[in-house]
Amino acid sequence: MHILELIEKKRDKKKLSKEEIEFIIKGYTNGSIPDYQMSALIMAIYLNGMSYEETTNMTIAMAKSGEILDLKEINKTIVDKHSTGGVGDKVSLILLPLVASLGVPVAKMSGRGLGFTGGTVDKLQSIPGYNTEISKEKFIDSVKKIGISMISQSLDLAPADKKIYALRDSISCVESIALIASSIMSKKIASGAEKIVLDVTVGNGAFMKTTREAEELAKTMINIGKLANRETICILTNMEEPLGYAVGNNLEVKETVKFLKGEMPEDLKEVVFELGAYMIKLAGLGENIEENKQKLQENILNKKGYEKLLEMVKNQDGDITYLQDLEKFPKAKYIKEITAKEDGFIEKIPAKEIGKIACYLGAGRERKEDEIDNSVGIVLNKKVGDRVEKGEIILKIFANGESRLKEAEEKIKEIISISKERNKVKTILKTII
Ligand code: URA
């Protein structure tokens, strides 16, 4: 087999066999296929797509590129959660301690920010001391002992995905159904998940721009789940505007703590409760979705979800005094309020542009090696559909440099629009079982 022939095949819209896909994944993981050839192949896949069969074979080959975690010793059904990415998406940070407080075991491997979207690992690392790179033994032991652990992709799980994910990000090949489906499902299979709940985001701030594309991605992942014997449920959620109010690492951690203490933005609550209710169901701890939502509500009111977050952070060497006193988190040097120019209803706060501006301020990376600035970002005061009066604050920009602040301010003024009529989009668009 030769890589050039395989690139040619995909370039010419032909199908790759299971053996050919295994050859590619193995070769790229061990370095015998260089980045430039893999880039050409990835671009061909991006342009020409892959069949269900090719995508499944790619997923399995990627899952097998490293260790496949065996979580049987936990002795409970392991239900995992993953999102296809978004802006202001702190769902994992809130949802996972919350379901863990109800007895759903959580063994979660999260990612870093990708493109304009944020990553759970970056948010966790904004909590001083929190260690996202614990050993496999401590990871499993933590799930057994306290019911939850959240780590980065640091164990030798799906190393092929780690390499391909970074490559895709650097050659503008992220938004592909076959590549996203194989990336997510390979990680879930490698990390020992038996059942999977997926948040498939749709809209301006998501990789899937339309419900039709998102449904296609959802069906692809459900199909891979079936073939790999992992029951998978997909929930399509709106990502036209940022989720909740905060965008930026420690700003989102603060919103997480407030949420778990009962201050819940409506859209974020809908997503957390919908995904959580299905996680409880798949874990075999409650058949009825509405009753499961009640259980989640109870563990917000009695603060058990919040206590579980503290327990997890402490267990991974994080300093919980920051969560107990949110004022302790480092603050940005400059805070600029953006106000409404006229009366009306907020029409658009485009998530992608907000995500890009947050990255530009330092909340994300322009290059892989860039350092993250945990205190910068954007906090909304208003959401799409909200009424505003002229002069009222729409959002605040948190920055550490004067020139970046100025540029962010100019860009934001261009992208936010106000209309005379109220138009509000649904948050949960569809649940596909
Ligand atoms: N999340 C992933 O894990 N992989 C992708 O390709 C996109 C989002």
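Residues numbered from 1 in each chain as written. Predicted model: local features only at pLDDT ≥ 70, side-chain atom pairs only at ≥ 80, totals over all residues. Heavy atoms only, no water.

Visitor: Quick rundown of the environment of R168? Include the residues and the values.
Guide: Relative to the elements of secondary structure, R168 occurs in helix 8 (residues 159–170). Looking at R168, the relative accessible area reads 3%, which means it is buried. When the C-alpha positions of R168 and Y46 are compared, they lie 9.6 Å apart, and in sequence the two are 122 residues distant. Once you skip the residues sitting within four places of it in the chain, R168 turns out to touch I42, C173, V174, L179, I180 and S183. (Helix = DSSP H or I, 4+ residues; strand = E, 2+ residues; numbered from the N terminus. Buried < 20%, exposed > 50% of the residue type's maximum accessible area, 1.4 Å probe, protein only. Contact = heavy atoms within 4.5 Å.)

Visitor: Can you break down unusual backbone geometry residue by residue, with the values?
Guide: If you check the backbone angles, K13 has positive phi at about 65 degrees while not being a glycine. The class of K13 is exposed, set by a relative accessible area of 66%. The phi dihedral of A158 falls on the positive side, at around 45 degrees, and the residue is not glycine. By the secondary structure assignment, A158 is in the loop between strand 3 (148–152) and helix 8.

Visitor: Outline the domain arrangement of the protein, supporting the account with residue identities and numerical values.
Guide: The assigned domain composition of the protein is domain 1 (3–49), domain 2 (72–324) and domain 3 (330–419). Between domain 2 and domain 3, the contact holds 27 residues from the first and 28 residues from the second. In total, about 2000 Å² of surface goes out of reach between domain 2 and domain 3, with carbon and sulfur atoms giving 55% of it. Taken as a group, F116, E241 and Y245 account for 29% of the area that domain 2 buries against domain 3, more than any other trio of residues on that side. Our count for the contact surface shared by domain 2 and domain 3 stands at 2 salt bridges. Between K383 and D267 there is a salt bridge whose closest N-O contact spans 2.7 Å. Counting every contact that joins domain 2 to domain 3 gives 13 residue pairs in polar contact (both at pLDDT 80 or more). Of all the elements in the fold, those that place two or more residues in the side of domain 2 that touches domain 3 are helix 6 (120–125), strand 6 (246–247) and helix 11 (249–260). In terms of residue count, the dominant contributor to the side of domain 2 that touches domain 3 is helix 11 (3 residues). For the side of domain 2 that touches domain 3, the residue count by class is 11 nonpolar, 10 polar and 6 charged. (Domains from an automatic or database assignment. Buried area = accessible area lost by both parts, 1.4 Å probe. Salt bridge = Lys/Arg side-chain N within 4 Å of Asp/Glu carboxyl O. Polar contact = N/O pair within 3.5 Å; in protein donor to acceptor, adjacent residues only side chain to side chain. Nonpolar A, V, L, I, M, F, W, Y, C, P; charged D, E, K, R; others polar.)

Visitor: Which residues make up the nonpolar core, and what values go with them?
Guide: One finds V99, V200, V272, L323 and L395 to be the most contacted residues of the largest nonpolar core, which totals 102 residues. Top contributing element to this core by residue count: helix 12 (residues 266–282), with 10 residues. Counting residues domain by domain, this core receives three or more from each of domain 2 (72–324) and domain 3 (330–419). Dropping the residues within four chain positions of it, V200 is found in contact with T84, A214, L217, A218, M221, C234, I235, L236 and T237. Among the nonpolar cores identified, the runner-up in size contains 23 residues, and I3, I7, I33 and C173 belong to it. (Core = buried A, V, L, I, M, F, W, Y, C linked by side-chain atoms within 4.5 Å.)

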